[in-house]
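Residue-level structural notes
For reference, the chains in residue letters:
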Amino acid sequence: MRRGFLLSTPREPRKAAPAEPRPSSSSKPSEQENKSTAQVPSTTVIPLPARYIFRPLDPEYPPDIWQRTVDVSEFPQAGVPPEQRTVFVHYNGVVDALRAQHPGWPQAFSSPSPPVYKIVPIDGAGLGMVATADITAGEVIVRERPLLLSPKALPTQDREALACLTVGLVQFMNPENRRAFYALKNCKGKTMPTEEDGIINTNSFMCGPFPTYEGRYCGVARECSRANHSCSPNAKHCFDPATLTQSLRAFRDIRAGEEITVSYIDFYLPSEKRKEELKRRYFFDCRCAACRLTGQARQQSDTARAFVNACGGDAMIAKVEAAFEEWLAAGAQRTAPVVLSPGLTQLDPFGMAEVLWDTMVREGCYNRGLWEPLLTRLVKGYAVLENAERVRFYATKAAQLRTLYTEEDGGWRAVADNPRQTEWWAKLGAKRIR
Ligand SMILES: C[S@@+](CC[C@H](N)C(=O)[O-])C[C@H]1O[C@@H](n2cnc3c(N)ncnc32)[C@H](O)[C@@H]1O
């Protein structure tokens, strides 16, 4: 079930009772703090949630693109103020499918109120978003209907026709949204055929998936498009087809006064490649903390990112998972790290999971396929080792990230609230090596 929707008003009071208990802002919550959290009957055994499987990214060009026809409409067509309408360019069948899947589409939505950010000038980066309140990992920072939503690929390869189309789409917007569109940054200058193309190219983020259409969409929005880039972002763009809204959600806790950033590119690339890509596509020199590193520190950061990326493949996850299960079956013995050579340390599979998680957090690169298997391993291991505080800590992280990606905690909150009732708690009994 989705949370946070209001039937009529577009803003969700920030103080309204949250659907889930708000986790402590301290990184390691204590037993005492959690006395008030949701409890289940003491006989209940709580299973560890199954891993959420991400569908692969949609291709830019769907296979049947030339058989499709495009339509343009503004949604919703009535009953909301202009700034809550989206010019939606869609292939045939998509709107009917959305209506069938989501009764009342596009459904009403809400955004935190009062806002938890402001848009202000950022040194050397034009405008940007800065948090005005502490934001907890997983929380929505802002939710809005994009000004424009369009498939990335349209059925023409004629540049002039495409340029006319983008100009036409902006003219199709209501006057308020058109003004907001032209206020957005165009970093492309004269390198694009039109001002409209420049703005779209500077500000678009990926949207979807949409039913019946196996292709990527991109969107441009009044607020979300103001988020600047960091190679260690603290937020992520998310899209919800049911409400036709774009949102920004926090990857980690963000303090009031911190800039809210997203990543425009693949953050696993080595720093030189990231710099090249950002310069080529967005015309700026990245000065984020990771890009300011020099010498050995930069090399270490590049290696750490490559390591996180390499560990995120399905085959590697399965291999490490098998080693972890063997370690559990053999009694879950913690062994001291053995330094094999400078920079190369041998760890037990559980220690390895901790190092990998810490690396991901330190670099600010949450691998979307890896974080959940990794956190599952840590929760399972600490449950077997009977450490309630660490089970709670890692299960809270899993609840936050799962909410960020899927809008639901997937069952992780129950694990965080009741560590001693998880199916793995003290599971090895006398077999455990102490
Ligand atoms: C999507 S816009 C972000 C909002 C933009 N700063 C504005 O003023 O509206 C992308 C553009 O912002 C600027 N930008 C984004 N991140 C930046 C960063 N880390 N450093 C410098 N400029 C950045 C670049 O000009 C980039 O092309």
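What you see is a predicted model; the values in this text were computed from it and never measured.

1. A few points about the environment of K273
Relative to the assigned elements, K273 resides in helix α5 (residues 271-282). Taking the C-alpha atoms as reference, K273 lies 23 Å from G198; in sequence the two are 75 residues apart.

2. Remarks on the UniProt feature "domain: SET" (unreviewed entry) in the protein chain
UniProt records the feature "domain: SET" (unreviewed entry) for residues 112-265 in the present numbering. As annotated, residues 112-265 comprises 21% helix and 30% strand, and the C-alpha atoms at either end are separated by 27 Å.

3. Considering the domain arrangement of the protein chain
Domain parsing of the protein chain yields domain 1 (11-52 + 295-431) and domain 2 (65-290). Computed from C-alpha atoms alone, the centre-to-centre distance between domain 1 and domain 2 is 31 Å. Taken together, the contacts link 25 residues of domain 1 with 33 residues of domain 2. The junction of domain 1 with domain 2 conceals about 2600 Å² of combined surface from both sides, 47% of it contributed by carbon and sulfur atoms. Ionic pairing is found between R143 and E407, a salt bridge with its closest N-O pair at 3.3 Å.

4. Observations regarding the sheet that holds strand β12 (residues 235-240)
Pairing within the open sheet is antiparallel, and its three strands lie in the order β7-β13-β12. Strands with a single pairing partner mark the edges of an open sheet, and in this sheet they are β7 (140-144) and β12. Direction aside, the axes of adjacent strands within the sheet are offset by 20° on average. Alignment of β12 against strand β13 (residues 245-250), held across six bridges, turns out to be antiparallel. Residue pairing in the sheet places C238 in a bridge with S247 of β13.

5. Describing the confidence of the model for the protein chain
Summary statistics for the protein chain give a mean pLDDT of 89 and a share of 91% for residues scoring 70 or more. Confidence drops under a pLDDT of 50 for residues 1-36, and excluding neighbours within four residues, the segment shows 78 contacts in the predicted structure.

6. A look at the sheet that holds strand β8 (residues 148-151)
Ordered by their spatial adjacency, five strands build an open sheet running β2-β3-β8-β10-β9, and the pairing between neighbours is mixed. Of all the strands in the sheet, just β2 (70-75) and β9 (205-207) have a single pairing partner and so form its edges. Here the average twist between neighbouring strands, direction ignored, is 30°. Taken together, the six bridges between β2 and strand β3 (residues 86-91) define a ladder with antiparallel strand orientation. Paired with D71 across the two strands is H90, which belongs to β3. Here helix α1 (residues 94-101) sits on the sheet and contacts β2, β3 and β10 (217-220); the angle it forms with β3, its principal contact strand, is near 110°.

7. Things to note about the site of the ligand
Surrounding the ligand, one finds 16 residues, the nearest of these being A125, L127, R226, N228 and H229. In this structure, L127 approaches the ligand through a main-chain N or O atom, which is 2.7 Å from a nitrogen atom. In the model, a nitrogen atom of the ligand is placed 2.9 Å from a nitrogen or oxygen of the H229 main chain. Burial of the ligand by the protein amounts to 91% of the accessible area it has alone, namely 560 Å². Within the residue set of the shell around the ligand, elements represented by two or more residues are α4 (195-203) and β11 (228-229).

8. What about the nonpolar core?
Ranked by size, the top nonpolar core spans 47 residues in total, and within it F88, I141, F210, L248 and I260 carry the most contacts. For this core, the leading source of residues is β3, giving four residues. In this view, I260 contacts Y117, M129, V130, A131, I135, I141, A227, N228, N234, A235, L248 and I254; residues no more than four positions away in its chain are not counted. In this structure, C311, L374, Y394 and A395 belong to the second largest nonpolar core, which totals 46 residues.

Criteria and cut-off values
- Residues numbered from 1 in each chain as written.
- Predicted model: local features only at pLDDT ≥ 70, side-chain atom pairs only at ≥ 80, totals over all residues.
- Heavy atoms only, no water.
- Helix = DSSP H or I, 4+ residues; strand = E, 2+ residues; numbered from the N terminus.
- UniProt positions renumbered as here; feature names shortened; annotations may be inferred.
- Domains from an automatic or database assignment.
- Contact = heavy atoms within 4.5 Å.
- Buried area = accessible area lost by both parts, 1.4 Å probe.
- Salt bridge = Lys/Arg side-chain N within 4 Å of Asp/Glu carboxyl O.
- Pairing = 2+ DSSP bridges.
- Axes fitted to C-alpha atoms, helices over the stretch in contact; angles between N-to-C directions.
- pLDDT = per-residue confidence, 0-100.
- Near = heavy atom within 4 Å.
- Polar contact = N/O pair within 3.5 Å; in protein donor to acceptor, adjacent residues only side chain to side chain.
- Areas by Shrake-Rupley, 256 points an atom, 1.4 Å probe, with all protein chains shown as cover.
- Core = buried A, V, L, I, M, F, W, Y, C linked by side-chain atoms within 4.5 Å.
- Buried < 20%, exposed > 50% of the residue type's maximum accessible area, 1.4 Å probe, protein only.

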